[in-house]
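Survey of secondary and tertiary structure
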Amino acid sequence: MASQKEVSGLQALFGGTFDPIHYGHLRPVEALAKQVGLEKVILLPNHVPPHRPQPEASPLQRLEMVKLAIQDTPLFTIDTRELEKNSPSYTIETLVQLRQEMGATQPLAFIIGQDSLLSINTWHGWERILDNCHLLVCARPGYATQFSDPIMHAWLSQHQTLDPVRLNQTANGYIFIGNTPLVNISATQIRKKLNTGDSCSELIPDAVLQYIHQQHLYQR
Ligand code: ATP
């Protein structure tokens, strides 16, 4: 764990493919921000995600959708560093770079959904993530709330805190599981619905939906 030292404002990043960004990303993170007292959340769109099939929308289209989704929500800003790279986006590399930029004592957090927490030990360099930041976890429907692997269960118990104040007082090393709303939306489901001509107006902000139609994205 990092040393207990009073430093200013917890910085939080939320990485994703955002193909497209949807309310399952935005609503739980807004609730988490209230619980933890985050003034800003920095969205970090991936360029080439290492763990999954390549996105359907181009990096620029995904960035444009993120911009449109957050245009009326001052909580969010964007960091385009992963989009600007033409190589796999390994979260650990970005976190190490951010840690170097921010210094050793700045509290830093990375936000993930419960599905990502459950598979985090498949991420390149995952053992070093908590050396660089805290993990803040949003609930996601359809995923177990516990690790079945006893080693990962022990890892979570060792690092979990129920106290958001600790996240602001230390630079890294804790896992905080938020009491966030369960929002049953995925980008996969949205791409399928758009492909079959179903409405997605409840699932994504209007401006994003208009852009998707204008760019003829996710169509047959
Ligand atoms: P896909 O369906 O294409 O896999 P996705 O909807 O899971 O995409 P990503 O961009 O891959 O979205 O996810 C980025 C982050 O957002 C991940 O940490 C993921 O766990 C989290 N996330 C995505 N959807 C939800 C949701 N409905 N509730 C909570 N967290 C979510």
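Above this text you will find the structure in question.
Quick summary incoming for the structure in this document. Throughout this description, residue numbers start from 1 for each chain and increase along the sequence as written. Confidence filtering applies because this is a predicted model: local features only for residues at pLDDT of at least 70, side-chain atom pairs given and counted only at 80 or more, and all residues used for totals across whole chains, interfaces and linings. For the side-chain quantities, the full set of heavy atoms in the structure was used; hydrogens and water were omitted.

The subject of this paragraph is the overall build of the protein. Only DSSP runs of H or I reaching four residues or more are called helices, and only runs of E reaching two or more are called strands; each is numbered from the N terminus. Looking only at helices and strands, one finds nine helices and six strands in the protein. The C-alpha extent of the protein, read off along each of the three principal axes, is 50 × 35 × 30 Å. Think of it in three bands: residues with accessible area under 20% of the maximum for their type are buried, residues over 50% are exposed, and the middle band is partly exposed, with areas taken using a 1.4 Å probe on protein chains only. Within the protein, buried positions represent 50% of all 220 residues. Considering only contacts within the protein whose residues lie at least 6 apart along the sequence, 76% involve residues at least 24 apart. For the area figures, the Shrake-Rupley method with a 1.4 Å probe applies, and any residue is considered shielded solely by the protein chains shown. As displayed, the protein has an accessible area near 10700 Å², and 49% of this comes from carbon and sulfur atoms. Working rule for contacts: check all heavy atoms of both residues, and any pair within 4.5 Å makes them a contact.

Every angle, taken between N-to-C directions, lies between 0 and 180 degrees, and every axis is a line fitted to C-alpha atoms, over only the stretch in contact when it is a helix. At a minimum axis separation of 8 Å, helix 2 (residues 59-70) and helix 9 (residues 206-214) run at an interaxial angle of 150°. As summarised for this structure, helix 2 and helix 9 are arranged roughly antiparallel, according to the angle between their axes. Of the two possible hands of crossing, helix 2 and helix 9 adopt the one that is right-handed. Contact residues: Gln-61, Glu-64, Met-65, Leu-68 and Ala-69 in helix 2; Ala-207, Val-208, Tyr-211 and Ile-212 in helix 9. Partitioning the contact of helix 2 with helix 9 into residue classes produces seven nonpolar, one polar and one charged. Note on angle classes: values under 35 degrees are labelled roughly parallel, values over 145 roughly antiparallel, values of 65 to 115 roughly perpendicular, and the remainder oblique. In this scheme, a crossing is called left-handed if the near helix is turned counterclockwise away from the far one by less than a right angle; it is called right-handed if the turn is clockwise. Under the scheme applied here, ten amino acids are nonpolar (Ala, Val, Leu, Ile, Met, Phe, Trp, Tyr, Cys and Pro), four are charged (Asp, Glu, Lys and Arg), and all others, including Gly, are polar.

In this section: the site of the ligand. Throughout, the term near means that a residue has one or more heavy atoms lying within 4 Å of the molecule or strand in question. Near the ligand, the surroundings consist of 21 residues, among which His-22, Asp-115, Ile-185, Ala-187 and Thr-188 are the closest. Residue Gly-113 places a main-chain N or O atom 3.1 Å away from an oxygen atom belonging to the ligand. The contact in question runs from an oxygen atom of the ligand to an N or O atom on the side chain of Ser-116, over 3.0 Å. Against a free-state accessible area of 600 Å², the protein chains account for coverage of 90% of the ligand. For the shell around the ligand, the secondary structure elements donating two or more residues are strand 1 (11-16), helix 1 (23-36), strand 4 (108-113), helix 4 (114-118) and helix 8 (187-195). Here the shell around the ligand is built from residues that sort into seven nonpolar, ten polar and four charged. Polar contacts here mean pairs of N or O atoms no more than 3.5 Å apart (in protein, one a potential hydrogen donor and the other a potential acceptor; neighbouring residues in sequence count only if both atoms are side-chain atoms).

Let us look at the nonpolar core. The nonpolar side chains of soluble globular proteins are, as a tendency, buried together. If you look at the biggest cluster of nonpolar residues, it comprises 42 residues, and the most contacted ones within it are Ile-21, Leu-38, Val-41, Met-65 and Ile-111. Of all the elements in the fold, those that place two or more residues in this core are strand 1, helix 1, strand 2 (41-45), helix 2, strand 4, strand 5 (134-138), helix 8 and helix 9. Top element by residues in this core is helix 1. It accounts for six residues. Those residues in contact with Ile-21 that sit more than four places away from it in its chain are Leu-26, Leu-43, Met-65, Val-66, Ala-69, Ile-204 and Val-208. To form a nonpolar core, buried Ala, Val, Leu, Ile, Met, Phe, Trp, Tyr and Cys residues must be joined to one another through side-chain atoms within 4.5 Å.

In a regular helix each residue adds 1.5 Å, so twelve residues correspond to 16 Å; helix 3 (residues 91-102) covers 16 Å between its end C-alpha atoms and thus fits that length. Turning to helix 3, its buried residues number three or more, namely Thr-91, Ile-92, Thr-94, Leu-95, Leu-98 and Arg-99. The arc enclosing the buried residues of helix 3, seen along the axis, measures out at 160°, which places them on a common side. Exposed residues on helix 3 whose side chains face more than 90 degrees from its buried face are Gln-100 and Glu-101. Contact partners of the buried residues in helix 3: strand 1, strand 2, strand 4 and helix 5 (129-132). One fewer than the residue count of a helix, multiplied by 1.5 Å, yields its expected span. Throughout, the arc means that of the directions going from the helix axis to the C-beta atoms.

Okay, the sheet that holds strand 2 next. DSSP-based pairing: two strands are paired if at least 2 bridges between them are found. Read across the sheet, six strands follow the order 3-2-1-4-5-6 without closing on themselves; strand pairing throughout is parallel. Whereas interior strands pair on both sides, the edge strands pair on one side only; in this sheet they are strand 3 (76-78) and strand 6 (175-177). Averaged over all neighbouring strand pairs, the angle between strand axes comes to 30°, with direction disregarded. Pairing geometry for strand 4 and strand 5, over five bridges, is parallel. Pairing of Gly-113 across the sheet is with Cys-138, part of strand 5.

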